[in-house]
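Below, each chain spelled out in residue letters.
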Amino acid sequence: MSGTPAVEVLSADKTYPNGTQALQPINLTVHEGEFGRLLGPSGCGKSTLLQMVAGLLGPRHGRLLLWRKPVEQIETSGHRLSFVFQEPTLMPWARVLANVRLPLDLAGVPSAEAEPRVREALAMVGL
């Protein structure tokens, strides 16, 4: 595949503090415009890998690059990355408003416009 690598996983692995090895060392390159999929049984590390690529989890060893920059620098790359979780997921450290506002924040909706929309959505579901 030609073109710029959009995602590069370089010998990344993940072991949690309790000793659970969630992901063995993996190398993966996904180029711009390439469509891929992760297949495997439950518990093999698919979600862990996606969370690492999104910057939600750090690897124990190895590196993750997005458009040739460390995943932590995605904002400065001029690119955007997104994926949809298999199960509904919240940011447990954030307040309800921040969780509901997140998609609007990621889309660059100004706060003055986002806040009323968030409050309206919460009111619709009785929160």
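For the structure itself, consult the block above.
Residues numbered from 1 in each chain as written. Predicted model: local features only at pLDDT ≥ 70, side-chain atom pairs only at ≥ 80, totals over all residues. Heavy atoms only, no water.

### Focus on the overall build of the protein
The helix and strand inventory of the protein stands at three helices and four strands. Put simply, the protein runs from its N terminus to its C terminus through helices and strands in the order β-β-α-β-β-α-α. In terms of principal-axis extent, the alpha carbons of the protein reach across some 45 × 35 × 25 Å. Of all 127 residues assigned to the protein, the portion counted as buried reaches 25%. Long-range pairs, those at least 24 residues apart, make up 48% of the contacts in the protein between residues at least 6 apart in sequence. Looking at charge distribution, the protein has the averaged site of its 12 positive side-chain charges lying 4 Å from that of its 11 negative ones. (Helix = DSSP H or I, 4+ residues; strand = E, 2+ residues; numbered from the N terminus. Buried < 20%, exposed > 50% of the residue type's maximum accessible area, 1.4 Å probe, protein only. Contact = heavy atoms within 4.5 Å. Lys, Arg positive; Asp, Glu negative; His and termini not counted. Charge placed at Lys NZ, Arg CZ, Asp CG, Glu CD.)

### Concerning the sheet that holds strand β3 (residues 61-66)
The strands making up a sheet associate through backbone hydrogen bonding, with each pair oriented either parallel or antiparallel. The four strands lie next to each other as β2-β1-β3-β4, forming an open sheet whose pairing is antiparallel. The sheet is open, and its two borders are formed by β2 (21-31) and β4 (69-70), each paired with just one other strand. Pairing geometry for β3 and β4, over two bridges, is antiparallel. Among the inter-strand pairings, L65 is bridged to a residue of β4, identified as P70. The sheet contacts of helix α1 (residues 46-53) involve β1 (5-15), β2 and β3, and relative to β1 the element is tilted by about 120°. (Pairing = 2+ DSSP bridges. Axes fitted to C-alpha atoms, helices over the stretch in contact; angles between N-to-C directions.)

### A closer look at a nonpolar patch on the surface
Residues M124, V125 and L127 make up a contiguous nonpolar surface patch of about 400 Å² in total accessible area. Overall, the relative accessible area of 59% leaves V125 in the exposed class. (Patch = residues over 30% accessible without salt bridge, like charges linked within 9 Å, V, L, I, M, F, W, Y side chains within 5 Å. Areas by Shrake-Rupley, 256 points an atom, 1.4 Å probe, with all protein chains shown as cover. Salt bridge = Lys/Arg side-chain N within 4 Å of Asp/Glu carboxyl O.)

### Some thoughts on the layout of surface pockets
Each pocket or cavity is described by its volume, and for the second largest pocket that value is around 790 Å³. Along the walls of the second largest pocket sit 26 residues, with G36, R37, L38, L50 and F83 positioned nearest its centre. Secondary structure elements with two or more residues in the lining of the second largest pocket: β1, β2 and α1. If you tally residues by element for the lining of the second largest pocket, the top one is α1, at six residues. Here the residues of the lining of the second largest pocket sort into 14 nonpolar, seven polar and five charged. (1 Å grid on protein atoms, 1.4 Å probe; cavity = no way out; pocket = protein on both sides within 12 Å on 5 of 7 lines; lining within 4 Å. Points joined across faces, edges and corners; volume = space filled by probe spheres on them. Nonpolar A, V, L, I, M, F, W, Y, C, P; charged D, E, K, R; others polar.)

### Focus: the pairing of β2
Strand direction decides the pairing type here: β1 and β2, joined by seven bridges, are antiparallel. Directly across from T15, in β2, lies its bridge partner Q21. In textbook terms, the turn of a hairpin is the stretch between consecutive antiparallel strands, and for β1 and β2 this stretch comprises five residues, one of which, G19, has a positive phi near 100°.

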